[in-house]
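The chain contents come next:
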Amino acid sequence: MNPFSSGTRLRDMIRAIRACKTAAEERGVVRKECAAIRAAINENDNDYRHRNLAKLMFIHMLGYPTHFGQMECLKLIASAGFPEKRIGYLGLMLLLDERQEVLMLVTNSLKQDLNHSNQYIVGLALCAMGNICSAEMARDLAPEVERLLQFRDPNIRKKAALCSIRIIKKVPELAENFINPAAALLREKHHGVLITGVQLCTELCKASEEALEYFRMKCTEGLVKTLKDLVNSPYAPEYDIAGITDPFLHIRLLKLLRVLGQGDEDASECMNDILAQVATKTESNKNAGNAILYECVATIMSIEDNGGLRVLAINILGRFLSNRDNNIRYVALNMLMRAITVDAQAVQRHRATILECVKDLDASIRKRALELVYVLVNESNVKPLTKELIDYLEVSDQDFKGDLTAKICSLVKKFSPEKIWYIDQMLKVLSEAGNFVKDEVWHAVIVVITNSPDLHGYAVRALYRALQTSADQETLVRVAVWCIGEYGDMLVNNIGMLDVEDPITVTESDAVDIIEIALKHHTSDLTTKAMALIALLKLSSRFPSCSERIKEIVVQYKGSLVLELQQRSIELNSIIAKHQNIRSTLVERMPTLDLLEWEEKQSGSIPNTTGSTPAHASINIPNGVAKPSSAPLVDLLDLNSDDVPAPSSSGGDSFHGLLDIDLSGAPKQSGVNHSPNNGTDALMDLLSTATPTQSRSAISDLLNSGQDNKTPVSPLEVLSSPSSNSIQPTSSAGAIDLLDSFATNSPIQENNGPAYPSVVAFESSNLRIGFNFSKLPGNPQTTIIKATFTNLSPSVYTDFIFQAAVPKFLQLHLEPASGNTLPASGNESITQTLRVTNSQHGKKSLVMRIRIAYKMNNKDVLEEGQINNFPQGL
Amino acid sequence: MIRFILLQNRQGKTRLAKYYVPLEDSEKHKVEYEVHRLVVNRDPKFTNFVEFRTHKVIYRRYAGLFFSLCVDITDNELAYLECIHLFVEILDHFFSNVCELDLVFNFHKVYLILDEFILAGELQETSKKAIIERMGELEKLE
């Protein structure tokens, strides 16, 4: 009968399978066996059913499908003999789990077996139930299990106790029924029953508040006494491990005491003595003793405060931490993590040791230690700790670098005391582990750099240096490329040198070289290459001497198979080749990116940045200039509108940062301020900061004409469009107020009914702009300004563009100009109509900042100025 | 609680797999593969603990066999390490000088011993003697 004695076929099958030399051979044997078993199942063979099932279990363990044997399990369970039932239950546990519906069919058999007169069969049923019962079975069979908790044989009682744990995990509302019988188990002397009873009580406390209260009231003292007896028990060979009687029971008891003592002072008080005894008396030279100490420390940390005990516990952890055994150090780190909420000071004392653990060879220890260091960092120790971590980054394992980098970045961001330190640390991280740095991290680096105007030069030079040695770190390359594009001139001219820096000599062509390398490097991905192209465009304007070379590099990508690069290349090439006059405007420095807004965006709440500026409402199609595709141009600096922290589509509100420029210091000459085109002039920067948003047909500029630097002024968007050459005679109803002594220089126009005098708004050696004013009847807020541009030089101006901007309380609409070519010597003029709406009419007077770009003898000329001499009352 | 117990040799052949949580067969194979890869190349001086998904694997190597327990992250690692050793002592006692082949040919007995040692993912009996005696009684019933 016994299917497993030697010579029977299970053994033969295992031998045959083991003898197979190849996987294919093994599959052949298994296939044959499975076929035979299926045949036997079909014939309803009773004699060999349990042997067949045993074979199936072996086959299952090898990883072959055996579902066809499931019903055989049920049949075996239903048979009468113990050996059949045993194999049946074993098969049930191996081949099925609680989710299979077949399992429902076994409930009845289980019920019978739980009530069986043979206690071994009862044991089998309890075991199967404990391992695989479902919620429904738990409900159906809970009364049987409950009854078995009082069974005479301890083997059944302990199995029933563990089975009850499964039941209350599946159906927590059954917990109440088990409270009393579980409490009775705590008085058992039999270790097996006691340990399972303690576990059942622990689970009941988790499942039911009522159970927790009950055990706390009725059992705490008893448990303390049980633990005391156990600790002081004489040598018991049956349970002895390393000189300790049943460490497992120790640990379970300590765990239950922890649950009972947590949040209850009386219960905590009650167990203080025994915890102190366990903590001081337990031998710590063997694993078993340390396991008890570890559990004891956990309990001391969790129960209500007792200063003395906690000192004891922290000391134990300190000893653990210096242990040579890695396992002990691991659990010490684990527990210090919990101890930090209790006594951060004590944990800080072990900082040096913990830091050493971060560098351990064992990944498990490193991981724990790193997490611990992470919570240990504060404002006062961030610098040395970060230094240690970054130093370690250089030598750490590849698979640890990701974790480590993320933690360092997070720490540096959180505790950085100053921007230069932040930039330094991030550059180190980018250089060491740039490939592990997440996108939002390197975006943040760029945002911080733009927000530190005094560090622009420092950052770009540091990045340039870093790139020499770490060109394989993708994110470093990106940040460097971006910064060199923006601040290339500072790199070459050593602008903004800090005392701590060594001067470096970088020529313009060196800077272009490094971008070219980034562009062509085989590891650079699309984002990096696209960024490199834009950087080149920017450099072509910053370094006119390299313009030709850059053009050649850009042209090479005209044939790129990557659409994005191809498109960029063509667009950029067109900007470089055909649109000299606006290129410098297009590629001006990015405005300072708003740190707060960017962080908000990172945290998911993206503010609506469209603002109130009528961006596209008044776009006019220019007819004088060949119109390049405007949309892609808007797009073109915007490959990563999600990735690059450049607010790109309409950055109205994003640019508050640039408005903080002091204007009150500017000289006020008779109402007109104009400045020559000077690259470092703050006004110029102001005028064209939103480069990525500009397009040919809608040149939107941000500028600021606030006169009081204390009042932050919002940027406005101004549109200007060149239109046909036709010259419109100035027939505007120019205004003159004879009583107004202000506009003495204005050309006087003798029209009837004028309300306001005309003014010369702007005059330079080359150009004069006159403004005529009129009002729409019934709308005093809106002023119609007719601007007349007159060429004072002997040369013809081409590509003439007038731009204007006003503070927030004004609204400005520009109509198309009458032309974009201005003949020499004031022969003819261009006119353009502006409509200004003053929302503060009567309180504030008009003010405007203007910029005029044109080509004289094929040379780009840019003139700027501010108009303050508007007649009063507009 | 214990989520599963695995006995694997160095080549990754599973000699015993006991799951106390329901898993699909395919998932079980994946788990066995991953656990084997986690433990097989670790230096003997390293900790016996590896983090595995959201749990922790406590493993111990005896000759060519790895005994791995997957337990909750808050469980006492040292205790489960001791637990593995106790199980191995029981096997050693039962098979008198256990070797891998004993476990292969008597896999059903190994399951039987395990069911007397651990039930529902919790420790059932801590006395080696009690388990061996119980096994003797069960053997007689065969």
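The name given to chain B in an unreviewed UniProt entry is AP complex subunit sigma, with Manihot esculenta as the source organism. Reading the Sequence similarities (unreviewed entry) entry of the UniProt record for chain B gives the comment "Belongs to the adaptor complexes small subunit family."

Chain A is annotated in an unreviewed UniProt entry as AP-1 complex subunit gamma from Rosa chinensis. What UniProt states about chain A under its Function (unreviewed entry) heading is, verbatim, "Subunit of clathrin-associated adaptor protein complex 1 that plays a role in protein sorting at the trans-Golgi network and early endosomes (TGN/EE). The AP complexes mediate both the recruitment of clathrin to membranes and the recognition of sorting signals within the cytosolic tails of transmembrane cargo molecules." Chain A has a UniProt comment under Sequence similarities (unreviewed entry) that states "Belongs to the adaptor complexes large subunit family."

*Asks:* Quick rundown of the overall build of chain A? Include the residues and the values.
*Replies:* For chain A, the count of helices and strands is 34 helices and 13 strands. Residues classed as buried in chain A amount to 58% of the 874 residues present. Residue pairs at least 24 apart in sequence account for 68% of intrachain contacts in chain A once pairs closer than 6 positions are excluded. Carbon and sulfur atoms provide 50% of the accessible area of chain A, an area that totals close to 36500 Å².

*Asks:* So what's going on with the environment of Cys163 of chain A? Which residues, and what values?
*Replies:* Residues and elements named next belong to chain A. Within the secondary structure, Cys163 sits in helix α9 (residues 154-170). For the pair Cys163 and Thr196, spaced 33 residues apart in sequence, the C-alpha separation works out to 9.7 Å. With near-sequence residues (within four places) excluded, Cys163 lies in contact with Leu126, Met129, Gly130 and Val145.

*Asks:* Describe empty space enclosed by the protein, listing the residues and the values that go with them.
*Replies:* The full count for this structure, using the stated rule, is 15 cavities of 30 Å³ or more. Empty space within the largest cavity amounts to approximately 270 Å³. For the lining of the largest cavity, the secondary structure elements donating two or more residues are α3 (49-61), α5 (82-95) and α7 (119-132) of chain A together with β2 (14-19) and α1 (25-40) of chain B. Broken down by class, the residue content of the lining of the largest cavity amounts to 13 nonpolar, four polar and seven charged.

*Asks:* How would you sum up the packing of aromatic side chains? Please name residues and give values.
*Replies:* Within the structure shown, the criterion is met by 19 aromatic pairs over all chains. Relative to Phe49 of chain B, the ring of Tyr330 of chain A has its centre 5.0 Å away and its plane inclined at 50 degrees; by these criteria the two rings are tilted. Taken together, the residues span two chains, with Tyr330 of chain A in helix α17 (residues 326-339) and Phe49 of chain B in strand β3 (residues 49-52). Taken together, the aromatic side chains of Phe789, Tyr797, Phe800, Phe802 and Tyr854 of chain A make up a single cluster linked through ring pairs. The ring of Phe68 of chain A has Arg38 of chain A sitting right over it, with the charged end atom 4.1 Å from the ring centre.

Thresholds applied
Residues take numbers from 1 onward in each chain, read along the sequence in its written order. Chain letters start at A and ligand numbers start at 1, both assigned in the order the entries are written. Where totals are concerned, whole chains, interfaces and linings use all residues; where local detail is concerned, this predicted model gives features only for residues with pLDDT of at least 70, and gives and counts side-chain atom pairs only at 80 or more. Neither water nor hydrogens contribute to the side-chain values; these are computed over all heavy atoms in the structure. UniProt positions are given in the numbering used here, feature names are shortened, and annotations may be inferred rather than shown by experiment. Strands here mean DSSP runs of E at least two residues long; helices mean DSSP runs of H or I at least four residues long; both are numbered from the N terminus. Accessibility here uses a 1.4 Å probe with only protein chains present; expressed as a share of the type maximum, an area under 20% marks a residue as buried, one over 50% as exposed, and anything in between as partly exposed. Whether two residues touch is decided by their heavy atoms; if any such pair falls within 4.5 Å, the residues are in contact. Methods summary: accessible areas were calculated by the Shrake-Rupley approach with a probe of 1.4 Å, and residue burial reflects only the protein chains presented. The rule is simple: put a 1 Å grid over the protein atoms alone, call a set of points where a 1.4 Å probe fits but cannot get out a cavity, call an open set with protein on both sides within 12 Å along at least five of seven lines a pocket, and count a residue as lining if it has an atom within 4 Å of a point. Grid points are joined across faces, edges and corners, and a volume is the space filled by probe spheres set on the points. Think of it as three bins: nonpolar holds Ala, Val, Leu, Ile, Met, Phe, Trp, Tyr, Cys and Pro, charged holds Asp, Glu, Lys and Arg, and polar takes everything else, Gly as well. Working definition: rings of Phe, Tyr and Trp (its six-membered ring) pair if their centres are within 6.5 Å, and the pair is stacked with planes under 30 degrees apart, edge-to-face with planes over 60 apart, and tilted otherwise. Charge-over-ring placement is defined geometrically: NZ (Lys) or CZ (Arg) within 6 Å of the ring centre, and within 35 degrees of the ring normal.

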